[in-house]
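# Notes for the structure review
For reference, the chains in residue letters:
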Amino acid sequence: MMYDHRAQQAALAIEVHHTDGRTVQSVLVLTPDQVELYAIQFEQLIARREQALQAGR
């Protein structure tokens, strides 16, 4: 991940998986607000996963 201070954008290398099985390399460009929003959403997903793992024990 890279942050360009001048453009005020973050860039993250990603791999896109198509339904036909192909994959392509790309770059996801995010604004600071998007980075913050996705950070919150990922924290929620991680917490849900941990809850599901503990419920399965």
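Refer to the structure above for everything that follows.
The sections below set out a description of the structure shown in this document. Keep in mind the model is a prediction, meaning the values are calculated, not measured.

### Comments concerning the pattern of salt bridges
Enumeration over the complete set of coordinates arrives at 1 salt bridge. In this structure, aspartate 20 engages arginine 22 in a salt bridge whose closest nitrogen and oxygen atoms are separated by 2.8 Å. Residue classification places aspartate 20 among the exposed residues on the basis of a relative accessible area of 52%. Among the residues examined, arginine 22 registers a relative accessible area of 45% and is labelled partly exposed.

### Some thoughts on the pairing of strand 2 (residues 9–17)
Along any regular strand, the residues point their side chains to alternate faces of the sheet. In the sheet, strand 1 (residues 2–4) pairs with strand 2 via 3 bridges, with the strands oriented antiparallel. Looking at the pairing, aspartate 4 lines up with glutamine 9 of strand 2. Taken together, strand 1 and the strand that follows it, strand 2, pair antiparallel across an intervening segment of 4 residues, in which glutamine 8 is found at a positive phi of about 55°. Looking at chain direction, strand 2 and strand 3 (residues 23–30) are connected through 8 bridges and run antiparallel.

### Side note on the environment of glutamine 34
By secondary structure assignment, the location of glutamine 34 is in helix 1 (residues 32–55). Residue glutamine 34 is classed as partly exposed on the basis of its relative accessible area of 32%. Placed 24 residues apart in sequence, glutamine 34 and alanine 10 show a C-alpha to C-alpha distance of 9.2 Å.

What counts, and where the lines are drawn
- Throughout, a residue's number is its position along its own chain's written sequence, starting from 1.
- Totals for whole chains, interfaces and linings use every residue, but because this is a predicted model, local features are given only for residues with pLDDT of at least 70 and side-chain atom pairs only at 80 or more, for both listing and counting.
- As a rule here, side-chain values cover all heavy atoms of the structure and leave hydrogens and water aside.
- Any carboxyl oxygen of Asp or Glu within 4 Å of a side-chain nitrogen of Lys or Arg constitutes a salt bridge here.
- Note on classification: 1.4 Å probe, protein chains only; a residue is buried when its accessible area is under 20% of the maximum for its type, exposed when over 50%, partly exposed between these limits.
- Note on pairing: two strands pair once DSSP finds at least 2 bridges between them.
- Secondary structure elements follow DSSP: runs of H or I of four or more residues count as helices, runs of E of two or more count as strands, with numbering from the N terminus.

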